[in-house]
Amino acid sequence: MTPRVPLIRATIVVAALVWTATIGAAFSAIRRFETTPGAAAKTGPSWPDASTVPRQRGEWSLVMLVHPHCSCSRASVQELEAILEKSPSVQPYVLVYRPADFQAGWERGAVLDAASRLRRAKVIIDENGREAKRFGGFTSGQTLLYDRQGRLRFAGGITSLRGHSGINSGRVDVIRIASSGIGTGEHPVFGCAIDKKGTK
Amino acid sequence: MSDSISLGVDSNTAARASELQKEQLSARYRKVDRMFAVLLVVQYLAGIVAALIVSPYAWAGKERVLHMHVWVAILAGAGIALLPVILAIFRPGTVLTRHVIAASQMLSSALLIHLSGGRIETHFHVFGSLAFLAFYLDWKVIMTATVVVAADHFARGIFWPESVYGVANAEWWRFLEHAAWVVFEDIFLIWSCILGNRELAGAAARQAEVEYLSEQEQLKSAALEMALAEMQATA
């Protein structure tokens, strides 16, 4: 047996332990990260009076708050697209956060592009997240559905996990409420924090 | 007399053919091990690049930190690739090496699928990887890879169904549906492995026969030369 053999064996044993530990640790870390929701909105029972978002009275309105650089919010916008296809009576407003002291154009990127492509959607740049505060939202992807009278009918996220698009109870609830006009709904919201209060 | 010679020839040739087949398979295993060692490193780097492109930062207002996916790509990616690459370098051609490579390749698929945000297109990596594993011509390696895929889907389907099926209330047996598509590909890959082995055995038998015939020709030539030399000496 050459002197290198025990060293090679030890290396393989260490690598085997690292390999096994990695699989367990990665599974657990990813799971914790993706299933931990952001802070839920603390919003009132009706459309906030202080809001400058031009709501069309007598129409269903949907407000989505997004951080333009939150990669998870691409899935939220994708889900919003699916909702809009099924809910023609809903007028969507996407409020895109931008800090006032950052240079113009900072908000450009995949999330803003996707939001701009949404049919019927009005994309509004939300300087310093003022509107997000008025709606009581902290987390990117926060979705609020208001009925024709401006009453809050749904508050929450419309993705099943962080950055995961696909059918989920948030999306289903919004479509059901908007089409039937019956009931209310809540769902955890997954995304980056728009406001530091949204950091958990 | 001629029968006993013939039997001796057959058993010698068969033993040589078996030896040649083992040599060729061993060389193939080592070559494919090296290929996967390179592929696993390339996938590791690709995973980091994908994470940096798709989700470089997590944000809290205007503050940003490196996204969890980047850490996962760096640390989990390295952890997954470490053992198979070390085995491919220090224990190439062994049964353990190729089975660890098969399992790691499937885990790399799972990681890449995750890093791409569960994009359906990234699931093609699983099917591509199975085809690459068939280069070994060892159907048991494909079975190992399939078991890892099925176990991953089963475990996630039970504890975390949204991450694999997109819905929270997927049926417990849904992993079987996903595994069935993998099995569909497996059937043809396993068949191709068996055919490949048969072809290899045939080529080894032909080579052993050629070697035997060439050896016999050399013996005949030597005997002829000796006879000629003796005739010349007596003349």
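The rules behind each value
- Residues numbered from 1 in each chain as written.
- Chains lettered and ligands numbered in written order.
- Predicted model: local features only at pLDDT ≥ 70, side-chain atom pairs only at ≥ 80, totals over all residues.
- Heavy atoms only, no water.
- Buried < 20%, exposed > 50% of the residue type's maximum accessible area, 1.4 Å probe, protein only.
- Helix = DSSP H or I, 4+ residues; strand = E, 2+ residues; numbered from the N terminus.
- Pairing = 2+ DSSP bridges.
- Right-handed = clockwise from strand over helix to strand, strands pointing away.
- Contact = heavy atoms within 4.5 Å.
- Core = buried A, V, L, I, M, F, W, Y, C linked by side-chain atoms within 4.5 Å.
- Axes fitted to C-alpha atoms, helices over the stretch in contact; angles between N-to-C directions.
- Salt bridge = Lys/Arg side-chain N within 4 Å of Asp/Glu carboxyl O.

Enquirer: For this particular structure, what's the right way to read the pairing of strand β2 (residues 90–98) of chain A?
Expert: Sheet faces and side chains relate simply in a regular strand, where the side chains alternate between the two faces. Residues and elements named next belong to chain A. Most of β2 is tucked away, with nine of its nine residues classed as buried. Both faces of β2 are covered, namely the face carrying Val90, Pro92, Val94, Val96 and Arg98 and the face carrying Gln91, Tyr93, Leu95 and Tyr97. Bridge analysis of strand β1 (residues 60–66) against β2 gives seven bridges, and the strand direction is parallel. Residue pairing across strands places Val63 opposite Tyr93, the latter belonging to β2. Bridge count between β2 and strand β3 (residues 122–127): six bridges; the pairing is parallel. Residue pairing across strands places Leu95 opposite Ile124, the latter belonging to β3. Taking the sense of rotation as the criterion, the β-α-β connection linking β2, helix α3 (residues 110–117) and β3 turns out right-handed.

Enquirer: I would appreciate a short explanation of the environment of Asp186 of chain B in the present structure.
Expert: Residues and elements named next belong to chain B. In this structure, Asp186 sits in helix α7 (residues 174–234). Given the relative accessible area of 3%, Asp186 is considered buried. Contacts of Asp186, omitting those with residues within four sequence positions, involve Leu130, Ile142 and Thr146.

Enquirer: Just checking my understanding: could you explain the nonpolar core for this structure?
Expert: General note: in soluble globular proteins, nonpolar side chains tend to be found buried as a group. The biggest cluster of nonpolar side chains holds 50 residues, and the ones touching the most others in it are Met106, Leu130, Leu133 and Tyr136 of chain B. Of all elements in the fold, only α1 (4–35) of chain A together with α1 (2–54), α2 (68–90), α3 (95–115), α4 (124–133), α5 (139–159) and α7 of chain B reach the threshold of two or more residues within this core. Judged by nonpolar contacts, the second largest core, of 24 residues, contains Trp60, Val77, Ile83 and Ala115 of chain A.

Enquirer: Explanation requested: the sheet that holds strand β6 (residues 185–187) of chain A in the structure shown.
Expert: Pairing between the strands of a sheet comes from backbone hydrogen bonds, and it takes one of two forms, parallel or antiparallel. Residue and element names in this part refer to chain A. Reading across from one edge, β3-β2-β1-β4-β5-β6 is the order of the six strands in this open sheet, with mixed pairing throughout. Two strands bound the open sheet, and with one partner strand each, they are β3 and β6. For this sheet, the mean inter-axis angle between neighbouring strands, taken without regard to orientation, is 15°. In terms of strand pairing, β1 meets strand β4 (residues 143–146) through four bridges, oriented antiparallel. Within β4, the residue paired with Ser61 across the bridge is Tyr146.

Enquirer: Sorry if this is basic, but what is going on with the pattern of salt bridges here?
Expert: Residue and element names in this part refer to chain A. Using the criterion set out here, one finds twelve salt bridges over all chains in the structure. With a closest N to O distance of 2.6 Å, Glu131 and Arg134 form a salt bridge. Residue Glu131 and its partner Arg134 are located together in helix α4 (residues 130–134), separated by three residues, close to a single helical turn. We classify Glu131 as buried; its relative accessible area is 5%. The class for Arg134 is partly exposed, based on a relative accessible area of 33%. Counted as one network, the salt bridges with shared partners bring together Arg98, Glu107 and Glu127.

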